[in-house]
Every structure is written in C-alpha cells, then in structure tokens.
Amino acid sequence: IVTGDGACKRVAGSNGSLRNNVNSNVIQEVKIQTSNASAEYGRTAEVTFNVVTKNGTNRFHGSAFETFRNDRLDARNFFSVQKTKLRYNDFGFTNGGPISKDKLFFFLNYEGNKEDGSQGVNFTNPAFAQYNGTFPKPFREGVWFGKLTWYPTDNDTVDFSMSRRRDTETLGFGGQTAYEALQL
C-alpha cells in the first residue's frame, strides 16, 4: 500500500499503472512500515509506504528545475534500423509560504513532461515490409500538487491537499491517447 500524508493513494496513471502524483521536490519524508503494522494501517498485511509531503512555512521558499535529454546523446536502439528521434524535457517548480503567520500555510508544485520521440518498427517478414518505418510517439503531461496546512491550536494540524494529473500519449498506430484508453 502507498499512502500520501497517511491517506491511501490508489490513483491510476497512464495505461492503468499505479503512480505517485508528486515529484521528489514535494517529498519531505518517506516512512516504510513492514510486518506487524499498527491499527492505522489495518487494510493490509504487506509493506506500507507513507510519503509525507512538504508544508509551507513562515518564510516564502521555492525551487525550479529542468531536465533535458536528446537523441544526439543516445545510441541507436539495437532493434531499429536507424536512430529514433527523442526530445525530452522534464520541468517544474515549487513554491510555499505563509497565508497567515504561524496559522495557515500553502505549498504548490507543478511538474511538466514533454517528450517528442519516435518508435522504430522493423518487420523481418517481407509481407509486412510496408509497415516498416519510424513513427512519432509524442507525450505531454502536467501534474499539479497543492497543499494547505492550518494549525488551529498548538496541538492540532489540518491538512488539505490535492493533485491533478493530465497526460496525452499516443498508443500504437490508432492515435488513441492514454487518457482516452482509461475512459473505455
């Protein structure tokens, strides 16, 4: 089981995969609980991963990042006749701070992925030779995470968090996106 700030995280990702909708800039702590879990983890007899996300503080803080990958830095795929195109960008930011000093805080994160790649197809059977070639395989993703933390008293904490993920990925030759496939 994977939990985020103690709540069960069973969100389907692209192609039905299980995915955590926060990047590493949002994670404050990871707690791994193995056997003999306490009652708060009563849904499972397996390993539980609890990911604790960051909060805003009394000071404004943030970060930005960009990762770039290019086919000019890659070797040719063993099964492809030619090197396939790849332009990959992973980028985003975090920002957090006070809304009301010592009482109410916000934390916001965005991560975007943009990949312009291609998939090489090489049939060895001459009957399918007309289908050989390199086909575009674009991918776009945007993941937002937001959190409000309120301290009504010195002993109480109320967290409200949300995440939103939207992606488009071409699956196969039909032009269907991952989002459309999940709607079927």
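Residues numbered from 1 in each chain as written. Predicted model: local features only at pLDDT ≥ 70, side-chain atom pairs only at ≥ 80, totals over all residues. Heavy atoms only, no water.

Before going further, it helps to spend a moment on the overall build of the protein. Along the backbone of the protein there are 1 helix and 10 strands. Start at the N end of the protein and walk to the C end: the helices and strands fall as β-β-β-β-β-β-β-β-β-β-α. Classification of the 184 residues of the protein by burial places 27% in the buried group. In the protein, the proportion of contacts linking residues at least 24 apart, taken out of those at least 6 apart, comes to 57%. For the protein, the exposed area adds up to about 12000 Å²; of that, 53% sits on carbon and sulfur atoms. (Helix = DSSP H or I, 4+ residues; strand = E, 2+ residues; numbered from the N terminus. Buried < 20%, exposed > 50% of the residue type's maximum accessible area, 1.4 Å probe, protein only. Contact = heavy atoms within 4.5 Å. Areas by Shrake-Rupley, 256 points an atom, 1.4 Å probe, with all protein chains shown as cover.)

Moving on, we come to the environment of Phe 139. Checked against the element boundaries, Phe 139 lands in strand 8 (residues 133-153). Of the residues examined, Phe 139 reaches a relative accessible area of 12% and is grouped as buried. Placed 24 residues apart in sequence, Phe 139 and Glu 115 show a C-alpha to C-alpha distance of 5.0 Å.

Once their charged atoms are close, side chains differing in charge can pair, the charge on each being opposite to the other. Counting across every chain of the model gives 6 salt bridges. As a salt-bridge pair, Arg 69 and Asp 74 come within 3.0 Å of each other at their nearest N and O atoms. A relative accessible area of 43% means that Arg 69 is categorised as partly exposed. Its relative accessible area of 23% is what places Asp 74 among the partly exposed residues. One salt bridge connects Glu 141 with Arg 165, and the closest N-O pair in it is separated by 2.7 Å. Taken together, the residues span a long stretch of sequence, with Glu 141 in strand 8 and Arg 165 in strand 9 (residues 156-171) at a distance of 24 residues. Beyond isolated ion pairs, a larger network of salt bridges with shared partners links Glu 141, Arg 165 and Asp 167. (Salt bridge = Lys/Arg side-chain N within 4 Å of Asp/Glu carboxyl O.)

This paragraph deals with unusual backbone geometry. Phi at Asp 102 is positive, roughly 65°, even though this residue is not glycine. Looking at the element boundaries, Asp 102 is found in the loop between strand 6 (86-100) and strand 7 (104-121).

What follows is about a nonpolar patch on the surface. On the surface, Val 30, Ile 32, Val 47 and Phe 49 cluster together into a nonpolar patch covering about 320 Å² of accessible area. Summarising the element assignment, Val 30 is placed in strand 3 (residues 27-33). Look at Val 30 and you get partly exposed, because its relative accessible area is 47%. (Patch = residues over 30% accessible without salt bridge, like charges linked within 9 Å, V, L, I, M, F, W, Y side chains within 5 Å.)

Inspection of the secondary structure puts Glu 111 in strand 7. Its relative accessible area of 10% is what places Glu 111 among the buried residues.

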